[in-house]
Amino acid sequence: MSRFDVCALGELLIDFTENGVSSQGNPIMEANPGGAPCNVLAMLCRQGYNTAFIGKIGNDIFGRQLRKTVEDIGINTEGLVTDSSVNTTLAFVHTLEGGDREFSFYRNPGADMMLNKSDINEKIISESRIFHYGSLSMTNSVCEAATKKAVAAAERAGAVISFDPNLRENLWDDLETAREKIEFGLSHCDVLKISDNEIQWLTGESNFDTAVRKIREKFTNISLLFLSLGKSGSRAYSKTGYADAPISPANTVETTGAGDTFCGAVLGKILKYGMKDFSDEELSEMLIFANAAAAIVTERKGALKVMPTMSEIAEMIRRNTNGKS
């Protein structure tokens, strides 16, 4: 029996988000714990699953804040390494009109980039049912080698592998390198979560059905593909099934972590039912649940510490289906 339901690898950082204006007219920034892979794990913890994280933080006030936060949430930190020679990664998030975001990263390098092959705890990976990662852990040669070592360990262990490109264009030297690394992720995953702008950039197709078809034809290893479409909802594709669902209405404050929440929600359903060729009805259930969870997070600042409870998600679904379950 596996010790962990999901193990994730990647960035753990501080998202400085705007929280009002000072008496002098300066923006007030709140230090919210974040990082896409850990956000996914936080949503899984809310669903009652056992999770573990592999990554690196600095030996500084932000690193200590992050370790405590992750431990308080219930994520196992045996694979979280502290490095005294480099600072914890920081991101400053400017919220645009409508809730979308603009990021400024302080990561040259940041601790997450310095995760190296010797830091990888393969035992944690071998004891996990699902291994999840993204592309930001491949933005330089050090963390790329560590990521590929972890992916190989997950493949040897027979874990389900989940990948979310989570493209941040300004963190890559050039977009052709980003494409190469993201295509590595696509070629080594069973479950793909990808956003509308990412799939259009990756395939050069504006039509989503055409874009999905191109990916599935090229990367036949992908059994489940989830496409998030922002305000247009989401779609899901299994080997033979398909579903789409509108987004749950929300009073959006900011969208940080919405995609991660969505990803954690669908991975929870995969853990519940097992990896299989899901039917249209099962995919629809996944999307409704994940859309509701993501919508709730957009109503809050930050992500890692404010994931919705199961009762909150159930209430959101109930409101949007006129009381029908």
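To be clear, the structure that these remarks concern was listed above.
Bear in mind that the values here come from a model prediction, so they are computed numbers and not experimental data.

### Thoughts on the overall build of the protein chain
For step 1, the next point in the chain: In terms of helices and strands, the protein chain carries ten helices and 13 strands.
For step 2, the next point in the chain: In terms of overall dimensions, the protein chain is globule-like: its C-alpha atoms have a radius of gyration of 18 Å, near the 20 Å expected for 325 residues.
For step 3, the next point in the chain: Put simply, the protein chain has 325 residues, and 55% of those count as buried.
For step 4, the next point in the chain: Distance between charge centroids for the protein chain: 4 Å, based on 34 positive and 43 negative side chains.

### Observations regarding the nonpolar core
For step 1, the next point in the chain: Formed by 54 residues in total, the largest nonpolar core has its most connected members in L12, L44, F226, L267, I270 and I313.
For step 2, the next point in the chain: Residues contacting I313, with those up to four places away along its chain left out, are M43, F289, A292, A293, I296 and P308.
For step 3, the next point in the chain: A178, I199, F208 and Y237 belong to the second largest nonpolar core, which has 49 residues in total.

### As for empty space enclosed by the protein
For step 1, the next point in the chain: Within this structure, the stated rule accounts for one cavity of 30 Å³ or more.
For step 2, the next point in the chain: Within this model, the largest cavity holds a volume of roughly 60 Å³.
For step 3, the next point in the chain: For the largest cavity, the full set of lining residues is E11, A36, P37, V40, H132, Y133, G134, S135, L136, D164, N166 and D260.
For step 4, the next point in the chain: Elements with a minimum of two residues in the lining of the largest cavity: α1 (36-46) and β8 (128-134).
For step 5, the next point in the chain: For the lining of the largest cavity, the class distribution of residues is five nonpolar, four polar and three charged.

### So, the side chain of S234
For step 1, the next point in the chain: Among the secondary structure elements, S234 is positioned in strand β12 (residues 234-237).
For step 2, the next point in the chain: A relative accessible area of 2% places S234 in the buried class.
For step 3, the next point in the chain: Polar side-chain contacts of S234 include one of 2.9 Å to the side chain of N291.
For step 4, the next point in the chain: With near-sequence residues (within four places) excluded, S234 lies in contact with L227, S228, L229, A243, D244, A245, F262, L287 and N291.

### Points about the pattern of salt bridges
For step 1, the next point in the chain: Applying the stated criterion across every chain yields a total of 23 salt bridges.
For step 2, the next point in the chain: Close ionic contact of R235 with D209 constitutes a salt bridge, the shortest N to O distance being 3.1 Å. Residue R235 is found in strand β12, and its partner D209 is found in helix α7 (residues 208-218); the two are separated by 26 residues along the sequence.
For step 3, the next point in the chain: With a closest N to O distance of 3.4 Å, E285 and K269 form a salt bridge. Linking E285 in helix α9 (residues 280-298) with K269 in helix α8 (residues 258-273), this pair joins segments that are 16 residues apart in sequence.
For step 4, the next point in the chain: Residue E285 is classed as partly exposed on the basis of its relative accessible area of 30%.
For step 5, the next point in the chain: Judged by relative accessible area, which is 11%, K269 ranks as buried.
For step 6, the next point in the chain: Among the ionic contacts, a cluster of salt bridges with common partners joins R3, E78, K123 and E127.

### Considering the sheet that holds strand β13 (residues 242-245)
For step 1, the next point in the chain: The nine strands are arranged β5-β4-β1-β8-β9-β10-β11-β12-β13 in an open sheet whose pairing can be described as mixed. Strands at the two margins of the open sheet, each flanked by one partner only, are β5 (76-83) and β13. Pairs of neighbouring strands in the sheet enclose a mean axial angle of 15°, with direction left out of account.
For step 2, the next point in the chain: Each of β4 (51-58) and β5 is contacted by helix α2 (residues 61-73), which is oriented at about 175° to β5, the strand it contacts most.

Conventions adopted
Residues numbered from 1 in each chain as written. Predicted model: local features only at pLDDT ≥ 70, side-chain atom pairs only at ≥ 80, totals over all residues. Heavy atoms only, no water. Helix = DSSP H or I, 4+ residues; strand = E, 2+ residues; numbered from the N terminus. Rg over C-alpha atoms; globule rule 2.2 N^0.38 Å. Buried < 20%, exposed > 50% of the residue type's maximum accessible area, 1.4 Å probe, protein only. Lys, Arg positive; Asp, Glu negative; His and termini not counted. Charge placed at Lys NZ, Arg CZ, Asp CG, Glu CD. Core = buried A, V, L, I, M, F, W, Y, C linked by side-chain atoms within 4.5 Å. Contact = heavy atoms within 4.5 Å. 1 Å grid on protein atoms, 1.4 Å probe; cavity = no way out; pocket = protein on both sides within 12 Å on 5 of 7 lines; lining within 4 Å. Points joined across faces, edges and corners; volume = space filled by probe spheres on them. Nonpolar A, V, L, I, M, F, W, Y, C, P; charged D, E, K, R; others polar. Polar contact = N/O pair within 3.5 Å; in protein donor to acceptor, adjacent residues only side chain to side chain. Salt bridge = Lys/Arg side-chain N within 4 Å of Asp/Glu carboxyl O. Pairing = 2+ DSSP bridges. Axes fitted to C-alpha atoms, helices over the stretch in contact; angles between N-to-C directions.

Note that all results are geometric; they support no functional claim without further evidence.
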